[in-house]
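# What the coordinates show
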Amino acid sequence: MRTELVSEPGDPTRPNEDFASVGLPASGRGGALVVLDGVTPPQGPTGCLHSVPWFVSRLGGALTELTVSLPDVPLSEALSLALARTAESHAHTCDLSHPRTPQATVVLARWSAEAVEYLVLSDSVLLVEAPGGALTVLEDDRLSRLPRESLTTDAYIDAHLRNKEGGFFTAAADPSVAGRAVTGVLPRSSVRTLAALTDGATRWVEKFREGDWTDLFTFVRKEGAGALVARVRELEVADAERAFLGRSKQHDDASVVYAEL
């Protein structure tokens with residue numbers, strides 16, 4: 001098995017709001033990966049005393065433990081347990097019902113000798129390569145399917161779309177959101193390699209159109225996860241006229257976990 005993990009802040013003067021980990025049980029059998037992308041809130045109150053990095057570090061730490069220590073618990077249940085544990089740690093000081101309480105996108109994968117389980121919530125991505133080289137993109141596309149005109153104001157998003165039926169879902173304070181995630185189980189024999197990426201890294205495909213998902217996967221295998229993030233940074237700097245980024249922030253936190261099983 002070979003794994004590679006890179007997580008780089010978009011701005012070196014600000015804390016990274018991503019979280020990435022790989023857990024390998026002491027038994028030497030199987031493993032799990034966790035990738036979170038914290039949601040940067042707009043200016044204004046969030047109902048919480050804590051930062052997004054505080055939230056993702058606690059949620060990510062809980063998920064890393066639970067996905068490894070409870071191998072028979074489905075990933076959706078592990079996410080629910082981790083969200084409940086994280087919420088309990090600050091429910092007495094914060095208003096967790098606020099629509100902008102700290103939250104994150106989630107990608108989880110766990111593999112054993114028999115199966116590969118996966119969970120995706122919101123707009124981070126999991127790429128799955130089969131032994132023959134075919135690539136499958138596992139994603140939660142609810143946000144991307146919303147009309148662009150419905151995303152014009154934060155107030156409208158919070159009132160009608162964020163963690164709402166007909167909108168999109170993120171991991172925040174409500175453990176039941178785990179039931180909204182895209183989940184599945186694949187035969188272990190059908191999976192050779194996994195790659196989980198936050199949207200700061202998927203800009204290579206989704207914003208800058210340097211290639212398709214297979215091209216990105218090949219780039220990471222040959223050049224490495226760090227080289228992918230470095231290339232995204234070059235493209236961000238070069239896009240001075242905002243031809244590709246539009247209204248998006250120039251630099252975003254970018255994380256990649258690559259695992260050859």
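## Overview of empty space enclosed by the protein
- Following the criterion strictly, the structure yields one cavity of 30 Å³ or more and no others.
- Reported here for the largest cavity is a volume of approximately 30 Å³.
- Contributing to the lining of the largest cavity are Val39, Thr40, Pro41, Val52, Arg100, Thr101, Pro102 and Gln103.
- Classifying every residue of the lining of the largest cavity by side-chain character gives four nonpolar, three polar and one charged.

## Some words on the environment of aspartate 72
- Locating aspartate 72 in the fold gives a position in the loop between helix 1 (52-69) and helix 2 (75-88).
- Given the relative accessible area of 76%, aspartate 72 is considered exposed.
- Placed 172 residues apart in sequence, aspartate 72 and phenylalanine 244 show a C-alpha to C-alpha distance of 43 Å.

## Comments concerning the layout of surface pockets
- What the largest pocket holds in volume is close to 1500 Å³.
- Along the walls of the largest pocket sit 39 residues, with Asp123, Leu143, Arg148, Asp199 and Ser248 positioned nearest its centre.
- When the residues that make up the lining of the largest pocket are grouped by side-chain class, the tally is nine nonpolar, eleven polar and 19 charged.
- Space inside the second largest pocket adds up to approximately 290 Å³.
- For the second largest pocket, the lining is made up of 17 residues, of which Arg162, Asn163, Ala172, Ala173 and Asp174 are closest to its centre.
- Here the lining of the second largest pocket is composed, by residue class, of six nonpolar, seven polar and four charged.

## A look at the side chain of aspartate 158
- Of note, aspartate 158 is situated in helix 4 (residues 154-161).
- For aspartate 158, a relative accessible area of 14% puts it in the buried group.
- Here the side chain of aspartate 158 touches arginine 162 through a polar contact of 3.1 Å, side chain to side chain.
- Once you skip the residues sitting within four places of it in the chain, aspartate 158 turns out to touch Pro99, Arg100 and Lys164.

## Section: the sheet that holds strand 6 (residues 125-129)
- Strand order in the open sheet made by the five strands is 1-10-9-6-7, with antiparallel pairing throughout. In the strand order of this sheet, the two ends are held by strand 1 (2-8) and strand 7 (135-139), each with one partner. The average undirected angle you get between the axes of adjacent strands in this sheet is 10 degrees.
- Bridge count for strand 1 against strand 10 (residues 254-260) is seven bridges, and the pairing is antiparallel. Looking across to strand 10, one finds that glutamate 8 is bridged to alanine 254.
- Running over the sheet, helix 6 (residues 213-223) touches strand 1, strand 6, strand 7, strand 9 (193-197) and strand 10 and is turned about 80 degrees from strand 6.
- In the packing of helix 7 (residues 225-238) onto the sheet, contacts are made with strand 1, strand 9 and strand 10, and the angle to strand 1 comes to roughly 30 degrees.

## Concerning the sheet that holds strand 3 (residues 31-38)
- Taken in spatial order, the five strands line up as 2-3-4-5-8 in an open sheet, and their pairing is antiparallel. Each having just a single partner strand, strand 2 (18-23) and strand 8 (182-187) make up the two edges of the open sheet. Along the sheet, successive strands turn relative to each other by an average axial angle of 5 degrees, direction set aside.
- When strand 4 (residues 104-111) meets strand 5 (residues 115-121), the two strands line up antiparallel, connected through six bridges. Within strand 5, the position partnered with leucine 108 by the bridge is leucine 119.
- Here helix 2 sits on the sheet in contact with strand 4 and strand 5, set at roughly 50 degrees to strand 5.

Definitions and cut-offs
- Residues numbered from 1 in each chain as written.
- Predicted model: local features only at pLDDT ≥ 70, side-chain atom pairs only at ≥ 80, totals over all residues.
- Heavy atoms only, no water.
- 1 Å grid on protein atoms, 1.4 Å probe; cavity = no way out; pocket = protein on both sides within 12 Å on 5 of 7 lines; lining within 4 Å.
- Points joined across faces, edges and corners; volume = space filled by probe spheres on them.
- Nonpolar A, V, L, I, M, F, W, Y, C, P; charged D, E, K, R; others polar.
- Helix = DSSP H or I, 4+ residues; strand = E, 2+ residues; numbered from the N terminus.
- Buried < 20%, exposed > 50% of the residue type's maximum accessible area, 1.4 Å probe, protein only.
- Polar contact = N/O pair within 3.5 Å; in protein donor to acceptor, adjacent residues only side chain to side chain.
- Contact = heavy atoms within 4.5 Å.
- Pairing = 2+ DSSP bridges.
- Axes fitted to C-alpha atoms, helices over the stretch in contact; angles between N-to-C directions.

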